[in-house]
Amino acid sequence: MRNIASCYNEHAIKVTDSYCSNPSNQVQYHIPSVQNVVTCIYKVKISTEKQFLIKITWCSLLQQGLFSISISDKFIKNFKKILSTDKLKGSKVTESLNSRFNIFWDLSSATYEVGPEPINGYFVKVLVNSEVGLILGDMGQEIELKKSVLDDKISRFTLVSRSEHFSGSSVFTTKAKFCDTGKCHDILIKCSTEEKGFKNSSAILFVSIDRKSVIEVKRLQWNFRGNQTIFLDGLVVDMMWDVHDWLFNPKNGCAIFMFRTRSGLDSRLWLEEKNLEQKGEEKVGFSLVICASKNPD
């Protein structure tokens, strides 16, 4: 992602909420690409103040229901996989990072939309040293189990990163919630061509949020890497893109789009992140990464 980060500068175009609300900027719906993989990273803090990163990966390359769980110490990017399964229901106990992890899951009644991530009728639960570290999905009777057996010892967990992989056409749709108090937003990214004469055409990048156009980049062959700034739910959200390989190597190349929140207007976002990691301090914000490949024309 360093090549995307190098494009960021203090002159990024800022799109305000008032712009997003303009009815004339509405974007029409298009058939989206297929979502193949979804990866979510959660920050978990247990009662002893010890912190972990838990990564959940949902995959539909073979079938829905295939998922894996990996863990890492805070600020360490090398995750260790502790579970990978296609079983719809089960449990596992493992010890790693000087802690004990109990994993329970039930996907036997899960329902899906178009991607590999279930939307309801399931649960995934990770206990860290007998504390509920992470709970996903519908709980049902699991709530009673939590209350009676675990004495309500529930760790604090937060979604800090979400990445999605798409394949197929040049239209990508997803949903994202950029803060706990904000709403879930519909995001659409579309790459199309603008005809110029009989033979020449120029690629254009469109980005819309809640069916309102927020970004339009013309001459994408020249502007294949870049960034713009959006103000959303009272937050500064940096949107960055890199479509070089997707345009010039369509058989194997991917486009990468990133939405990332930050706490202030300081333009030195990436420098700040590097300094925080060196100091061992906590990073703030949420990031959404979309990796997209397409079929050759």
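Shown above is the structure to which this text applies.
The following refers to the structure shown. (Residues numbered from 1 in each chain as written. Predicted model: local features only at pLDDT ≥ 70, side-chain atom pairs only at ≥ 80, totals over all residues. Heavy atoms only, no water.)

**Quick notes on the overall build of the protein**
- When helices and strands are tallied, the protein shows five helices and 18 strands.
- Put simply, the protein has 297 residues, and 45% of those count as buried.
- Roughly 15800 Å² of accessible area belongs to the protein as shown, and the carbon and sulfur atoms make up 50% of that amount. (Helix = DSSP H or I, 4+ residues; strand = E, 2+ residues; numbered from the N terminus. Buried < 20%, exposed > 50% of the residue type's maximum accessible area, 1.4 Å probe, protein only. Areas by Shrake-Rupley, 256 points an atom, 1.4 Å probe, with all protein chains shown as cover.)

**Some words on the side chain of Ser68**
- Within the secondary structure layout, Ser68 lies in strand S4 (residues 66-73).
- With sequence-adjacent residues up to four places away left out, Ser68 is seen in contact with Lys55, Ile56, Thr57, Lys81, Leu83 and Ser84. (Contact = heavy atoms within 4.5 Å.)

**Section: the sheet that holds strand S8 (residues 123-128)**
- Across the sheet, four strands lie side by side as S6-S7-S8-S9; this open sheet has antiparallel pairing. Taken across any chain shown, the strands that pair with only one partner, and hence form the sheet edges, are strand S6 (89-96) and strand S9 (131-137). The average undirected angle you get between the axes of adjacent strands in this sheet is 10 degrees.
- The sheet contact formed by strand S7 (residues 99-106) and S8 spans six bridges and is antiparallel. Bridge pairing links Asp106 to Phe123 in S8. (Pairing = 2+ DSSP bridges. Axes fitted to C-alpha atoms, helices over the stretch in contact; angles between N-to-C directions.)

**Describing the environment of Asn227**
- Turning to its location among the elements, Asn227 is positioned in strand S15 (residues 225-232).
- A C-alpha to C-alpha distance of 4.2 Å links Asn227 and Met240, two positions 13 residues apart in sequence.

**Looking at the nonpolar core**
- The biggest cluster of nonpolar side chains holds 29 residues, and the ones touching the most others in it are Ile189, Leu205, Phe257 and Phe259.
- Elements with a minimum of two residues in this core: strand S11 (171-176), strand S12 (185-196), strand S13 (200-209), strand S14 (212-217), S15, strand S16 (235-242), strand S17 (255-262) and strand S18 (287-294).
- Beyond its immediate sequence surroundings of up to four residues, Leu205 is in contact with Ile189, Lys190, Cys191, Ile215, Glu216, Val217, Leu220, Trp241 and Phe257.
- Membership of the second largest hydrophobic core comes to 25 residues, among which are Val38, Phe67, Leu83 and Tyr122. (Core = buried A, V, L, I, M, F, W, Y, C linked by side-chain atoms within 4.5 Å.)

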